[in-house]
Amino acid sequence: MSQRDEDIKRRARELYLRASSEVDPATAGRLRAARRNALDKPQAHATRRMLLPAGAFAVVALASLMLWQPLTGSSSAPTKAVQSVEADSDLPPDADSADPALYQNLDFYGWLATDQRAASPTR
Amino acid sequence: MEHEDAEPDKAEPEAMNAGIALDSTLLDVVREVPRSMDAFLAQVERRAWRMAELNLGNREDALDAVQDAMMRLVQHYSGKPAEEWTPLFWGILRRRIVDLQRRRKVRSIVVGWLGGGKDDDGDELPAWEPADEGPDPSAKLQDAQAYNDIATAVRTLPRRQREAFMLRVLEGLDVAETAAAMGCSDGSVKTHLSRAMHALRDQLEAWR
């Protein structure tokens, strides 16, 4: 490499470094602001990093709840069926689950039901 | 971009504020391994802006490019060892500059098609007003003129030659760091730099 090349390199670098060290105050201030802005951003990332496991935990908890409910719901399903059957007055009550006293007084309850139906239009 | 005139920064190298004459001490400061990301960015931000300005010929675009490069470095590479930040940062800035140049080219083509006349985002000549500290005003004027001459000459180089010259000569990266920042081989860096020096030698015959 020639001496001329070395001179150009040395002089160009010297000017570049001096020009960089003598940036006008307004630009220097904006560069500082840009740096602070860049350095502040990772804090948002850190918050996101903390929120991510919390969100994942919430999703897992919700999924567990949804899986657990059908399992527990199956044990209570017959009760609901009995209740719905009992609610329907046109069907006779289930003999296994109904109160034995109900069968003993079945005639009375039948009379009561027909009597109420007959009485209701007059009210 | 925020306009904030911040108070003096502790992380900022003293050499940047003092406006001292260049000597080997300042050149060593340039290559010092930073203590923190803040210190690293404080060390390179003004040079990065000068380099972006030389490439883009526009102060605002240069600020945008530097800000974006800082954000990307912090977000993606702050976990890397400090020794790796230098080529990573200059590589990010180089790509950002290329992106902005391409965008401006497309914009100027579109403006031309639409018959909008001259694109107002045109190049400015990078200007530097040396600090008024030396006893010799003619030397100050000579430096300002010399800077404009080298800036103009560098901007006429093909992109890869310009990048090799700026990173290797102006910024002082070694061949491997320059290759990493440019995304090419060591041999390509040497070739681009050799061609750049040849072109500059021809353009700057009487330059001092």
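As shown above, the structure is provided for reference.
What comes next is a walk through the structure. (Residues numbered from 1 in each chain as written. Chains lettered and ligands numbered in written order. Predicted model: local features only at pLDDT ≥ 70, side-chain atom pairs only at ≥ 80, totals over all residues.)

## Structural notes on the overall build of chain B
Just so we agree on the cut-off: Counting from the N terminus, the helices are DSSP H or I runs at least four residues long and the strands are E runs at least two residues long. Whether a residue is buried, exposed or partly exposed follows from its count of other C-beta atoms within 10 Å of its own C-beta, namely 20 or more, 12 or fewer, or something in between, respectively; the C-beta atoms are built from the backbone.
In terms of regular secondary structure, chain B is built from nine helices and zero strands. What you see in chain B, going N to C, is helices and strands ordered as α-α-α-α-α-α-α-α-α. Burial statistics for chain B: of 208 residues in total, 36% are counted as buried.

## What about helix H1 (residues 3–21) of chain A?
The following threshold applies: The length a helix should cover is 1.5 Å for every residue beyond the first.
Under the 1.5 Å per step criterion, the end-to-end length of H1 of chain A is 27 Å for 19 residues, consistent within 8% with the ideal 27 Å. Regarding H1 of chain A, the residues found buried are Ile-8, Ala-12, Leu-15, Tyr-16, Leu-17, Arg-18, Ala-19, Ser-20 and Ser-21 of chain A.

## Some points on the interface of chain A and chain B
Going by this rule: We call two residues in contact if the C-beta atoms placed from their backbones are at most 7 Å apart. Three residue categories are used. Nonpolar comprises Ala, Val, Leu, Ile, Met, Phe, Trp, Tyr, Cys and Pro, charged comprises Asp, Glu, Lys and Arg, and polar comprises the others, including Gly.
Across the contact, 32 residues belong to chain A and 44 residues belong to chain B. Going through the elements one at a time, H1 and helix H2 (25–87) of chain A are the ones with two or more residues in the side of chain A that touches chain B. Residues belonging to the side of chain A that touches chain B are distributed by class as follows: 14 nonpolar, six polar and twelve charged.

## Looking at the packing of helix H4 (residues 59–77) of chain B against helix H5 (residues 85–113) of chain B
Residue and element names in this part refer to chain B. As a reminder of what qualifies: The angle between two axes is taken between their N-to-C directions and runs from 0 to 180 degrees, where each axis is a line fitted to C-alpha atoms and a helix contributes only its stretch in contact. Reported orientations rely on four angle classes, namely roughly parallel under 35 degrees, roughly antiparallel over 145, roughly perpendicular from 65 to 115, and oblique for the rest. Put simply, a crossing is left-handed when the front helix is turned counterclockwise from the back one by less than a right angle, and right-handed when it is turned clockwise.
It is the contact of H4 with H5, at a shortest axis distance of 9 Å, that shows an interaxial angle of 135°. Accordingly, the angle class assigned to the pair H4 and H5 is oblique. Where H4 crosses over H5, the two elements pack in a sense that is right-handed. Where H4 abuts H5, its residues Asp-61, Ala-65, Val-66, Asp-68, Ala-69, Arg-72, Leu-73 and Tyr-77 lie against Trp-85, Leu-88, Phe-89, Ile-92, Leu-93, Arg-96, Ile-97 and Leu-100. Among the residues forming the contact of H4 with H5, the class breakdown is twelve nonpolar, no polar and four charged.

Any link to function would need more than the numbers given here.
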